[in-house]
Amino acid sequence: MNAKTAEPTVPDQGRIVLLTTSHRVAPGLLSWPAWQALRTADRVLCADAAHPQLPYLREAGIRVDEAAPTAEELVAACAGGRTAVVVATGEGDPALTDGLARLAGSGRVAMPELELLPASYDLPGARLLDLVQVMDRIRLECPWSSRRTHEGLAKYAIEEAYELVEAIEDGDRDELREELGDVLLQVVFHARIAEEDPDAPFSVDDVAGTIVDKLIHRHPHVFGDETATTPEEVRAHWLRTKAAEKQRTSVTEGVPVGQPGLALAAKLHSRVRTAGLDVPLPTGEGIGYDLLALATRAESEGTDPEAALRAAARAYRDAIRAVEG
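Residues numbered from 1 in each chain as written. Predicted model: local features only at pLDDT ≥ 70, side-chain atom pairs only at ≥ 80, totals over all residues. Heavy atoms only, no water.

(A) Molecular detail of the nonpolar core. Counting 18 residues, the largest nonpolar core has L19, L38, V44, L57 and V85 as its most contacted members. With four residues, the single largest contributor to this core is helix α1 (residues 32-40). Membership of the second largest hydrophobic core comes to 14 residues, among which are L74, V86, L96 and L100. (Core = buried A, V, L, I, M, F, W, Y, C linked by side-chain atoms within 4.5 Å. Buried < 20%, exposed > 50% of the residue type's maximum accessible area, 1.4 Å probe, protein only. Helix = DSSP H or I, 4+ residues; strand = E, 2+ residues; numbered from the N terminus.)

Structure, rendered in structure tokens:
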């Protein structure tokens, strides 16, 4: 009888874990799989001696070697079934990952198991932290931005708001995303300037906290015991809570008179109609009174007179270009 030939034993090439973390999450707050990988690893390495995670890893009893091995050295270190965890730097260690990719693609090297393990994840809105940091540096180091004031920036807030409206009306998604960012920049910029006020400073966190409190208070049907099943009921809740907050003596309070004329007329008429007041339109000579009547009629019919006029003006612009062409 022929002896059965034994299958050759394939040596265990081990495992390389590339551990990534988010700088937007507090150091030390890692996922459970990440902690398991760190605690069971034969070796933990990090090329950045100042990596914010290192003090917390060492406090947890994990030895971290400050080293930047080449791809070949790391593969060799995993031979025999060992596991190496690389705590990625902020740049992502491109030299190491590119080297591992080249080795794996060559087919000449028995590769360890490669795993990318995110140890912390960005929550929704995390990139706003980046915006705050970038704005802080620009405010400190840019000769133009460091000299801006609320008053000097006011016109840009108006311009960016109009550009946002235009992007919405044009239906351009890429432009919409960009213009939303430009409007957001105005908020963060003004909040950063406000931090420097000697008498009444506030920060972007104060701005966010104020609007969060307002939204919660004005949505008792979401965060409280009230109920609302229709948009009309939601609006009623909003108006009641807003009236209690502002304690206004006139429906005209809070209506900015510096806004475009058609929008101003429509807003005033909306306040009058909502309050159930019987206020006859003033009469007089001139186009202004005609436009006032048109604006209030549009608002009563649920039409934004500013948007309607812009749409007509764009049609006029296209007609002009057609004639010119």
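(B) Region of the structure containing the packing of aromatic side chains. Inspection of every chain in the model, using the stated rule, returns one aromatic pair. With 6.4 Å between their ring centres and 75° between their planes, W144 and Y156 make a pair best called edge-to-face. With W144 in the loop between α5 (127-141) and α6 (150-170) and Y156 in helix α6, this pair connects stretches of sequence that are 12 residues apart. Among the residues examined, Y156 registers a relative accessible area of 26% and is labelled partly exposed. Stacked on the ring of W144, the Lys or Arg R148 has its end atom at 4.3 Å from the ring centre. (Phe/Tyr/Trp six-rings, centres within 6.5 Å; stacked < 30°, edge-to-face > 60°. Lys NZ or Arg CZ within 6 Å of the ring centre and 35° of its normal.)

(C) A look at the packing of helix α11 (residues 261-275) against helix α13 (residues 305-324). Packing of α11 against α13 leaves a shortest axis separation of 8 Å and a crossing angle of 150°. Here α11 is positioned roughly antiparallel relative to α13, judged by the angle of their axes. When α11 is examined against α13, the residues G261, L262, A263 and A266 are found in contact with a partner set consisting of P305, E306 and L309. For the contact of α11 with α13, the class distribution of residues is five nonpolar, one polar and one charged. (Axes fitted to C-alpha atoms, helices over the stretch in contact; angles between N-to-C directions. Parallel < 35°, antiparallel > 145°, perpendicular 65-115°, else oblique. Contact = heavy atoms within 4.5 Å. Nonpolar A, V, L, I, M, F, W, Y, C, P; charged D, E, K, R; others polar.)

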